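Structural features, examined
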Amino acid sequence: MKQFDYLVLGSGIAGLSFALKVAPHGRVAILTKKNRAESNTNYAQGGIASVTSKEDSFELHVRDTLEAGAGLCDEQVVRRIVEEGPSCVQELIELGMKFSERQIPDSSGAQELDLGREGGHSKRRILHAKDVTGREIERALLHAVARQPNISVFENHVAIDLITSQKLGYVGPNRCLGVYVLDKISGRVGTFAAPVTLLATGGCGKVYLYTTNPDIATGDGVAMAYRAGASIANMEFVQFHPTCLYHPKAKSFLISEAVRGEGGVLKSVDGREFMDSSHPLKSLAPRDIVARAIDSEMKQSGAEYVLLDISHKSARFIIERFPNIYQSCLGFGIDITKEPIPVVPAAHYQCGGVVTGMDGQTQIEGLYAVGEVACTGLHGANRLASNSLLEALVCAHRAAAGILVESPAPPVFRIPPWQSGDAHNPDEMVVVAHNWDEIRRLMWDYVGIVRTNKRLQRAQKRIANLQEEIQEYYWDFIVTSDLLELRNIATVAELIVRSALERHESRGLNYNLDFPQSDPELTGCNTVLHK
Ligand code: FAD
Ligand code: SIN
């Protein structure tokens, strides 16, 4: 058994920021599924929303966030996170993060932060590093982590399940004691124990067939927390990003909303600017509206994609502002300075998650959750673009500050080693692979951008069958990361479907043809599920 003061599950912006804050006060283990940079954070393009310009104000950022959230944001949380954003961003800059700058107009060549614009924002307020903001964040944070002797990073370590006092049969309040972890290289399962465990495991895009997320995003944190008895809220609000590159060889490549922020226009395959009739902000309308308009356009025309056109801007500007998108598209034979980009919506962000306060505290003592895995009340029924990196940064700071004040004592429970029973090697990996595909496809077909009760019920039945099969596998065979992730995506799929069935209205990202309107009585009502 490995004993630490702090266990951090995940090496994206949430986990790394938290680890750096607590490291001066104790020994920290960061456990991460793949290599240390592999995370949703690493692929973030648009940037971090934060008020830094004189033309902007906290009030406007709060208003835009509340508007996107469609009556389900917690206004107090929104205010705090928006107001604490600039100082946390400043700390990130002091750690070495390099945001893009531009020359101040009419001055003697002095520089200021370049601010991008994205859907639903009334002002330019997105700090970015060209179109590779996440890569630059990971670089800066990992560089700082490497200089911190108190932090050990365990790559290729998959957290299997949280160890809690209740699961071990102890009476009294439920307390998290640590986690069982699969070392993917040795195939062994070990025990990591600590008085504080932080879930920073990110989102669950891989629950859907088409997603902008990398392979790590299998909702492990939500599934583990749910199994451990924590409350999970608002899982019906899955954000579909309107513009993922459509190309047979492109896997999950996002075309940033910043492209539309800089003048990119959505068009049908025959060149019609179909957003004109959908929203006054046209191509820069909030994401739920754009994704639904694209879905409807594709269904009506039978086309497999729509077009995003920025070729009217100068080639110099496009290549300078979006070097990654330009190069990547060019690699697929699309020159975005000359032709439109074929795009489709894809699952992008989990607005719900483990219920926490702004300081990351869950209902289980010693268990904290920060970042995409958590549901703080910031996003409500629809996240405003570029608010997630902000939330992760601010909440990691707040969680660390709260924990350091409390400084929890080490638990005094005896933790048994992982029991693998009489498990033997899986000989039917084809079943695992088949179930993976089945869940992702049925979620895409039945629980996508536009839902109906009938389709949700159909999905629920199939997921229940699959879960039975997965449980058998789980107990019979030695665990592998594929099997662990399959179990988790099945749990998260179940939670999304149950939440969607519980919400008898359309609101924000949850659009159900059987309840096409919002119910004013449900304003402020979260969907909360427990095991
Ligand atoms: P992640 O960065 O996803 O990190 C999760 C970590 O947990 C990973 O290290 C993973 O390996 C690890 N992990 C997961 N499960 C386990 C397990 N069982 N055991 C061990 N480790 C585990 N948001 C913005 O605000 N602005 C943007 O511009 C933006 N662009 C985006 C572009 C793309 C393509 C994507 C996919 C998302 C984007 N988002 C953006 C969303 C944002 O990137 C994420 O919400 C945010 O980075 C989440 O950070 P996180 O630290 O919570 O999780
Ligand atoms: C993007 O660059 O379009 C993604 C921004 C976000 O998800 O917040």
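Refer to the structure printed above.
Residues numbered from 1 in each chain as written. Chains lettered and ligands numbered in written order. Predicted model: local features only at pLDDT ≥ 70, side-chain atom pairs only at ≥ 80, totals over all residues. Heavy atoms only, no water.

1. Side note on the pairing of strand E12 (residues 189–193)
Where we set the bar: A pair of strands is considered paired only if DSSP assigns at least 2 bridges between the two. Put simply, DSSP marks the helices as runs of H or I at least four residues long and the strands as runs of E at least two long, and each gets a number from the N terminus on.
Of the pairings in the sheet, the one linking strand E1 (residues 2–3) to E12 comprises two bridges and is parallel in character. Paired with Lys-2 across the strands is Phe-192, a residue of E12. Looking at chain direction, strand E11 (residues 176–183) and E12 are connected through five bridges and run antiparallel. Bridge pairing in E12 links Tyr-180 to Thr-191. Linking E11 back to E12 in an antiparallel pair, the connection comprises five residues, with Gly-187 at a positive phi of about 80°.

2. Regarding the packing of aromatic side chains
The cut-off we apply is this: Pairing of aromatic side chains here covers Phe, Tyr and the six-membered ring of Trp, requires ring centres within 6.5 Å, and sorts the geometry by plane angle: under 30 degrees stacked, over 60 edge-to-face, intermediate tilted. Note on geometry: a ring has a charge over it if NZ (lysine) or CZ (arginine) is within 6 Å of the ring centre and within 35 degrees of the ring normal.
Per the counting criterion, the structure on display carries eleven aromatic pairs. Relative to Phe-413, the ring of Tyr-170 has its centre 4.7 Å away and its plane inclined at 70°; by these criteria the two rings are edge-to-face. With Tyr-170 in the loop between strand E10 (157–164) and E11 and Phe-413 in the loop between helix H11 (387–406) and helix H12 (429–446), this residue pair connects regions lying 243 residues apart in the sequence. An aromatic cluster is defined as three or more aromatic residues linked by ring pairs; in this entry it consists of Tyr-208, Tyr-210, Phe-240 and Trp-444. The positively charged end of Lys-313 is found above the aromatic ring belonging to Phe-317, 5.2 Å away from the centroid. Over the ring of Tyr-349 we find Arg-383, and its NZ or CZ is 4.1 Å from the ring centre.

3. Some points on the environment of Val-77
How we decide: To sort residues, take the accessible area from a 1.4 Å probe on protein chains only and compare it with the maximum for the residue type: under 20% means buried, over 50% means exposed, and anything in between is partly exposed. Residue contacts are counted whenever heavy atoms from the two residues lie within 4.5 Å of one another.
With respect to the helices, strands and loops of the structure, Val-77 is situated in helix H4 (residues 75–95). Val-77 gets classed as buried once you look at its relative accessible area, which sits at 7%. Taking C-alpha positions, Val-77 is 6.3 Å from Gly-377, a pair spaced 300 residues apart along the chain. Ignoring anything within four residues of it in the chain, the contact list for Val-77 reads Met-358, Thr-376, Gly-377 and Leu-378.

4. Quick look at the pairing of strand E3 (residues 28–31)
The condition is simple: Handedness rule for crossovers: strands pointing away from the viewer, path from the first strand over the helix to the second running clockwise, crossover right-handed.
Side chains Val-28 and Ile-30 project from E3 onto one buried face, and the interleaved Ala-29 and Leu-31 project onto a second face that is buried too. Of the strand pairs in this sheet, strand E2 (residues 6–9) and E3 are connected by four bridges, and their pairing is parallel. Within E3, the residue paired with Leu-9 across the bridge is Leu-31. Viewed along the sheet, the connection from E2 through helix H1 (residues 13–22) into E3 turns out right-handed. The sheet contact formed by E3 and strand E9 (residues 151–154) spans four bridges and is parallel. Within E9, the position partnered with Val-28 by the bridge is Ile-151.

5. Side note on the site of ligand 2
In plain terms, the rule: Proximity criterion: a residue is near a molecule or strand once any of its heavy atoms comes within 4 Å of it. We call two N or O atoms a polar contact when they sit within 3.5 Å, provided that within protein one can donate a hydrogen and the other can accept it, with sequence-adjacent residues counted only if both atoms are side-chain atoms. Surface exposure here means Shrake-Rupley accessible area, sampled with a 1.4 Å probe, where a residue is shielded only by the protein chains that are shown. The nonpolar class holds Ala, Val, Leu, Ile, Met, Phe, Trp, Tyr, Cys and Pro. Asp, Glu, Lys and Arg form the charged class, and all remaining residues, Gly among them, are polar.
Every residue near ligand 2 is listed here: Gln-45, Gly-46, Glu-118, His-241, Leu-254, Ser-256, Glu-257, Arg-287, His-348, Arg-383, Ala-385 and Ser-386. His-241 has a polar side-chain atom sitting 2.7 Å from an oxygen atom of ligand 2. Within the side chain of Arg-383, an N or O atom sits 2.7 Å from an oxygen atom of ligand 2. Here ligand 2 has 260 Å² of accessible area as a free molecule, and 93% of this is covered by the chains. When the residues that make up the shell around ligand 2 are grouped by side-chain class, the tally is two nonpolar, six polar and four charged.

6. Topic: the site of ligand 1
Surveying the vicinity of ligand 1 reveals 37 residues, the closest of which are Thr-41, Gly-47, Asp-220, Glu-372 and Ser-388. Leu-389 is positioned such that a nitrogen or oxygen atom in its backbone is 2.9 Å from an oxygen atom of ligand 1. The fraction of the free accessible surface of ligand 1 (990 Å²) that becomes covered by protein chains is 98%. Mapped by element, the contributors of at least two residues to the shell around ligand 1 are H1, helix H2 (40–43), E10, strand E18 (341–350) and H11. Here the shell around ligand 1 is built from residues that sort into twelve nonpolar, 20 polar and five charged.

7. Focus on the packing of H12 against helix H13 (residues 453–476)
Helices that pack against each other are described as a pair by the angle of their axes relative to one another and the distance between those axes. Inclusion rule: Note on method: axes are straight lines fitted to C-alpha atoms, helices fitted across the in-contact stretch only, with angles between N-to-C directions ranging 0 to 180 degrees. Small angles under 35 degrees read as roughly parallel and large ones over 145 as roughly antiparallel, with 65 to 115 read as roughly perpendicular and the rest as oblique. In this scheme the crossing of two helices becomes right-handed for a clockwise turn of the near helix relative to the far one and left-handed for an anticlockwise turn of less than a right angle.
Contact geometry of H12 with H13 gives a least axis separation of 10 Å together with a crossing angle of 165°. Here H13 runs roughly antiparallel to H12, going by the angle between their axes. Viewed along their axes, H12 and H13 form a crossing whose handedness is left-handed. On H13, the residues touching Val-431, Val-432, Asn-435, Glu-438, Ile-439, Leu-442, Met-443, Asp-445 and Tyr-446 of H12 are Arg-455, Leu-456, Arg-458, Ala-459, Arg-462, Ile-463, Leu-466, Glu-469, Ile-470 and Tyr-473. Looking at the contact of H12 with H13 residue by residue, the class counts come to twelve nonpolar, one polar and six charged.

8. With respect to the layout of surface pockets
To keep things clear, this is the line we draw: Cavities and pockets are defined on a 1 Å grid built over the protein atoms alone: a cavity is a set of grid points where a 1.4 Å probe fits but cannot escape, while a pocket is an open set with protein on both sides within 12 Å along at least five of seven lines, and lining residues are those with an atom within 4 Å of any such point. Grid points are joined across faces, edges and corners, and a volume is the space filled by probe spheres set on the points.
Its boundaries defined by the atoms lining it, the second largest pocket holds a volume of some 810 Å³. Every residue lining the second largest pocket is counted, 31 residues in all, and those nearest its centre are Asp-161, Trp-418, Tyr-474, Trp-475 and Arg-487. Residue assignment for the lining of the second largest pocket shows that the elements contributing at least two residues are E10, helix H6 (220–228), H13 and helix H14 (481–502). Here the lining of the second largest pocket gets five residues from one element, more than from any other, and that element is H13. Partitioning the lining of the second largest pocket into residue classes produces 17 nonpolar, seven polar and seven charged.

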